[in-house]
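# Structure at a glance
Spelled out, the chains give:
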Amino acid sequence: MVKIAVLGYGTVGSGVVEVIERNRELIEKRAGKRLEVKYILDIRDFPGDPYEDRVVHDVDRILEDPEVEVICETMGGVEPAYTFSCRALEAGKSVCTSNKELVAARGAELIALSKEHRCNYLFEASVGGGIPIIRPLNCALTAERVVEIAGILNGTTNYILTRMEKDGADFGTVLGEAQKKGYAERNPEADVEGYDACRKIAILTSLIAGHTVDFREIHTEGITGITPEDFEYARAMDRTIKLLAESREEEDGYLASVVPCMLKKEMPLASVSGVFNAISVRGNTLGESMFYGKGAGKLPTASAVVSDVVDCARHPGEHMTCIWEEEPVHLKPFEERISRFFVRAARAGEAEADAVFGPAEKIRLESLPEEYGFLTEPMTEREFSRRQRKVSGFIGRIRIKD
């Protein structure tokens, strides 16, 4: 029997217990052992809950209990999750987590600590929620040199953009609707400003590079500036708008970013709608593969945590290889990224824009008589910024993903 403790009995933590109980027979057959949730750590009591007798408030009861072999850390945040995870690993207890903040900030260190103490630090649920992506990168794609990852990594922003596109609603209206439905937090900043997707692409890049990407160095933009008018232009060009997290290997380092992009409708990522997420992985010999599903939610995320628990049960006292070292990855300056840009500008300044950007494909909408749009040639972010400053009628820009 493998005895488990769950740290944090919120949405994901309670989901972990539910998944184990609901699919117990199948899970135990695959693990080859019985699983038992012995403790649930939380600062609250849960009177009337079926598992209230397992709730404890002192983490030492868990960390000092030799029967507990696996910890499910679903607390979120860096502290006290980091301290508790370190202590668990030092005691030889494997840790399975959904905590993207902690994995992005201290992943390499915690993996090294687990190796030292012959246990595991596993984090399948930290990036794709219910979408398997960490295990494929570590196992199924080990023969590949992964050269590029691009993904829609946040269900909240994808839901908002989908509703804006279909209904012509503005950002604020759809955000309020998403909050009422539980798709967005009361404070949605981490989602709508791109910080959540940034941490996830940092984790993925660290795994494909084998070294640490500091998420704070990744250029990140959110979707708060996207308007219904932007979608009108996108529709006229048979495109859509998505918040894309991207990372690709180049000759002198990795180029990573999180920015809104216009995609052609026939591109696989363009068809990902609502709260669904997708991750496209390009290998140097395999080509492109895509992983699609619910990127968040109680049971999908909890399912991924439990899949890591099963791996730990199958490999007691054995460290499963995960190559992610603390040495930093060289990230190229975002200013060197090359893109085409869709630009909105005032018609009154069209001659000025032509002089700055040269001949360009133009898009005019009857519904917006005072402005127009145009597509630039490929250029670096630095060059675009230099030219954009010379256009007095500039309204906005969105990068083009071809």
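Residues numbered from 1 in each chain as written. Predicted model: local features only at pLDDT ≥ 70, side-chain atom pairs only at ≥ 80, totals over all residues. Heavy atoms only, no water.

## A few points about the overall build of the protein
Heads up, the condition is: Segments assigned H or I by DSSP are reported as helices when at least four residues long, segments assigned E as strands when at least two residues long, and all are numbered from the N terminus. All radius of gyration figures rest on C-alpha atoms, and the globule criterion is 2.2 Å times the number of residues raised to 0.38. Under the scheme applied here, a residue whose accessible area is under 20% of the maximum for its type counts as buried, over 50% as exposed, and between as partly exposed, the area being computed with a 1.4 Å probe on protein chains only. Any two residues whose heavy atoms approach within 4.5 Å at even a single point are treated as in contact.
Summing up its helical and strand segments, the protein has 15 helices and 19 strands in all. Scaling as 2.2 N^0.38, a compact globule of 402 residues should have a C-alpha radius of gyration of about 21 Å, and the protein matches this with 23 Å. Taken along the three principal axes of its C-alpha coordinates, the protein extends 75 × 45 × 35 Å. Counting only residues that meet the buried cut, the protein has 55% of its 402 residues in that class. Considering only contacts within the protein whose residues lie at least 6 apart along the sequence, 73% involve residues at least 24 apart.

## So, the UniProt feature "active site" (unreviewed entry) in the protein
Using the following cut-off: UniProt positions are given in the numbering used here, feature names are shortened, and annotations may be inferred rather than shown by experiment. Under this definition, polar contacts are N or O atom pairs within 3.5 Å; protein pairs additionally need one hydrogen-donor-capable and one acceptor-capable atom, and for neighbouring residues in sequence, both atoms have to be side-chain atoms.
In the numbering used here, UniProt assigns the "active site" (unreviewed entry) feature to Lys200. Looking at the secondary structure, you find Lys200 in helix α11 (residues 195-209). In this view, Lys200 contacts Lys100, Ser126, Val127 and Leu153; residues no more than four positions away in its chain are not counted. At 2.8 Å, the side chain of Lys200 and the backbone oxygen of Leu153 are in polar contact.

## Points about the UniProt feature "binding site: NADP(+)" (unreviewed entry) in the protein
Under the present numbering, the feature "binding site: NADP(+)" (unreviewed entry) in UniProt falls on Leu7, Gly8, Tyr9, Gly10, Thr11, Val12, Gly13 and Ser14. Examined against the element boundaries, Thr11 turns out to sit in helix α1 (residues 11-22).

## A short note on the pattern of salt bridges
Stated precisely, the cut-off is as follows: Basic side-chain nitrogens of Lys or Arg form a salt bridge, by our definition, when they fall within 4 Å of a carboxyl oxygen of Asp or Glu.
Following the criterion strictly, the structure yields 44 salt bridges and no others. Its salt-bridge partner being Arg248, residue Glu250 comes within 2.9 Å of it at the nearest N-O pair. Residue classification places Arg248 among the partly exposed residues on the basis of a relative accessible area of 22%.

## Here we look at the pairing of strand β5 (residues 94-97)
Cut-off, in case you're wondering: At least two bridges found by DSSP between two strands are what make those strands a pair. With its strands directed away from the observer, a crossover is right-handed exactly when the path from the first strand over the helix to the second travels clockwise.
Residues Ser94 and Cys96 point to one face of β5 and Val95 and Thr97 to the other, with burial holding for every one of them. Of the pairings in the sheet, the one linking strand β4 (residues 68-73) to β5 comprises 4 bridges and is parallel in character. Looking at the pairing, Ile71 lines up with Val95 of β5. For the crossover from β4 across helix α4 (residues 81-90) to β5, the handedness is right-handed. Sheet analysis places β5 next to strand β6 (residues 121-122), joined by 2 bridges and oriented parallel. Its bridge partner being in β6, Cys96 is matched across the sheet by Leu122.

## Structural notes on the environment of Asp214
Within the secondary structure, Asp214 is located in the loop between β8 (211-212) and β9 (219-220). Along the primary structure Asp214 and Gly349 are separated by 135 residues, whereas in three dimensions their C-alpha atoms are 41 Å apart. In terms of polar contacts, Asp214 uses its side chain to reach the backbone amide nitrogen of Arg216, at 2.9 Å.

## Here we look at the packing of aromatic side chains
Test applied: Aromatic pairing here means that ring centres of Phe, Tyr or Trp (its six-membered ring) are within 6.5 Å. Orientation follows from the plane angle: under 30 degrees is stacked, over 60 is edge-to-face, and everything else is tilted.
Applying the stated criterion to the full structure yields 10 aromatic pairs. For the ring pair Tyr9 and Phe46, a centre distance of 4.9 Å and an interplane angle of 85° mean the geometry is edge-to-face. Pair noted here: Tyr9 is in the loop between β1 (2-7) and α1 and Phe46 is in the loop between β2 (35-41) and β3 (55-56), with a separation of 37 residues, a long-range link. Arranged with centres 5.9 Å apart and planes meeting at 75°, the rings of Phe123 and Trp324 form a pair that is edge-to-face. With Phe123 in the loop between β6 and α6 (125-128) and Trp324 in the loop between α13 (298-314) and β14 (325-328), the pair connects residues that are 201 residues apart, well separated along the chain.

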